[in-house]
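Commentary on secondary and tertiary structure
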Amino acid sequence: VSYTGTDPNSTNNSAVAATDLIAEADVTIDKEWAASSFTAGGNAQFTLAVTNGGPSVASNVVASDALPAGMTFVSATGASCVGTTTIDCAVGTIASGQVTTITVTVAVAPETPAGPTSNSASANSVAAGPIPAAGRMTWFGSLRGKGARL
């Protein structure tokens, strides 16, 4: 707004409004094994897809996976991961609408019994998600014994 005349009270020429800015990021995780079954004594591979459904940027995102009994962490690409039987992957920042994919290789102990197995993975961010349960998933699968053909 502009005015070309004389202002008799210049102390009221500006205004300030305060409000709280809230960051919300709907961070979700999906886990997919590279195969529907794997063999005790070998390696297995899976991906963790961490998605930010927005609306805000997700900061300091960490994906965690408590591996099934008999499995230990070998390596990962797509994020810096640490741990042995529970892995934590530092994903970092994910923009709204973006996905970060982590590929994880685990060793399956030779003595691991054949049969169904399951585990949970989770993803968390500094920007709290509007749907807290969305950051957790459970995987169910099958482990075959060494030499078994299913």
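For the structure itself, look to the data block above.
Residues numbered from 1 in each chain as written. Predicted model: local features only at pLDDT ≥ 70, side-chain atom pairs only at ≥ 80, totals over all residues. Heavy atoms only, no water.

1. Here's the deal with the overall build of the protein chain
We apply this condition: By the criteria applied, helices consist of DSSP H or I runs no shorter than four residues and strands consist of E runs no shorter than two, each listed in order from the N terminus. Partly exposed describes any residue whose relative accessible area lies between the buried limit of under 20% and the exposed limit of over 50%, with all areas from a 1.4 Å probe on protein chains only and scaled to the type maximum. We call two residues in contact whenever any of their non-hydrogen atoms come within 4.5 Å of each other.
A count of helices and strands for the protein chain gives zero helices and ten strands. Counting from the amino terminus, the protein chain carries its helices and strands in the arrangement β-β-β-β-β-β-β-β-β-β. When each of the 150 residues of the protein chain is scored for burial, the buried share is 36%. For the protein chain, long-range pairs separated by at least 24 residues make up 72% of all intrachain contacts whose partners lie at least 6 apart in sequence.

2. Side note on the sheet that holds strand β1 (residues 25-33)
Strand pairing in a sheet relies on backbone hydrogen bonds. The paired strands run either parallel or antiparallel. As a reminder, the rule being used: When DSSP finds at least two bridges between two strands, those strands are taken to pair. Lines fitted to the C-alpha atoms define the axes, with helices restricted to the stretch that makes contact. Angles between their N-to-C directions range from 0 to 180 degrees.
The antiparallel open sheet is built from four strands, whose spatial order is β1-β3-β8-β5. Two strands bound the open sheet, and with one partner strand each, they are β1 and β5 (71-77). Geometrically, the sheet is characterised by an average inter-axis angle of 25° between neighbouring strands, direction not taken into account. Pairing analysis gives eight bridges linking β1 to strand β3 (residues 43-55), with the strands arranged antiparallel. Following the sheet pairing, Trp-33 is matched in β3 by Phe-46.

3. Brief notes about the nonpolar core
Soluble globular proteins: nonpolar side chains tend toward being buried together. Convention followed: Only buried residues count toward a nonpolar core, which is a set of Ala, Val, Leu, Ile, Met, Phe, Trp, Tyr and Cys residues joined through side-chain atoms within 4.5 Å.
Counting residues in each nonpolar core, the largest one holds 28 residues, and the members touching the most others are Phe-46, Val-50, Ala-63, Ile-102 and Val-106. When residues of this core are traced back to their parent elements, those giving at least two are β1, β3, β4 (58-66), β5, β7 (86-94), β8 (99-108) and β9 (115-124). In this view, Ala-63 contacts Ile-29, Leu-48, Val-50, Ile-87, Asp-88, Cys-89, Val-91, Ile-102, Ser-122 and Ala-123; residues no more than four positions away in its chain are not counted.

4. As for the environment of Ser-125
As a reminder of what qualifies: Polar contacts here mean pairs of N or O atoms no more than 3.5 Å apart (in protein, one a potential hydrogen donor and the other a potential acceptor; neighbouring residues in sequence count only if both atoms are side-chain atoms).
On the secondary structure map, Ser-125 appears in the loop between β9 and β10 (136-144). Through-space distance from the C-alpha of Ser-125 to that of Val-57 is 9.5 Å; in sequence the pair is 68 residues apart. When residues no more than four places from it in sequence are discounted, the contact partners of Ser-125 are Val-27, Ala-58, Ser-59, Asn-60 and Val-61. Polar contacts involving the side chain of Ser-125 include one to the main-chain carbonyl oxygen of Ser-59, which spans 3.1 Å.

5. Considerations on the pairing of β8
Of the strand pairs in this sheet, β3 and β8 are connected by nine bridges, and their pairing is antiparallel. When the sheet's bridge partners are listed, Val-50 is paired in β8 with Thr-100. Judged from the six bridges that link them, β5 and β8 form a sheet pairing that is antiparallel. Opposite Thr-72, over in β8, you have Ala-107 as the bridge partner.

6. Regarding the packing of aromatic side chains
Aromatic ring pairs are defined here through the distance separating the ring centres and the angle between the ring planes. The condition is simple: What counts as a ring pair is set by centres within 6.5 Å for rings of Phe, Tyr and Trp (its six-membered ring), and what kind of pair is set by the plane angle: stacked under 30 degrees, edge-to-face over 60, tilted for all other angles. Both a distance and an angle decide whether a charge sits over a ring: NZ of Lys or CZ of Arg must be within 6 Å of the ring centre and within 35 degrees of the ring normal.
Enumeration over the complete set of coordinates arrives at two aromatic pairs. Three or more aromatic residues joined by ring pairs form one cluster here, namely Trp-33, Phe-38 and Phe-46. The cationic tip of Lys-31 hangs over the ring face of Phe-46; the distance from NZ or CZ to the ring centre is 4.1 Å.

7. Focus on the pattern of salt bridges
Quick reminder of the rule: Throughout this description, the term salt bridge denotes a Lys or Arg side-chain nitrogen within 4 Å of a carboxyl oxygen of Asp or Glu.
In the structure shown here, the tally under the stated rule is one salt bridge. Of the charged contacts in the structure, one is a salt bridge between Lys-31 and Asp-65, with a shortest N-O distance of 2.7 Å. Of this pair, Lys-31 sits in strand β1 while Asp-65 is found in strand β4, placing the two residues 34 residues apart along the sequence. The exposure classification of Lys-31 matches that of Asp-65, with both residues buried.

8. So, the state of the cysteines
Note the threshold: Count a disulfide wherever a pair of cysteine sulfur atoms falls within 2.5 Å.
Using the criterion set out here, one finds one disulfide in the structure. Between the sulfur atoms of Cys-81 and its disulfide mate Cys-89 the distance is 2.1 Å. When the S-S torsion is 110°, as for the bridge of Cys-81 with Cys-89, the disulfide is right-handed. Given a relative accessible area of 13%, Cys-81 falls into the buried group.

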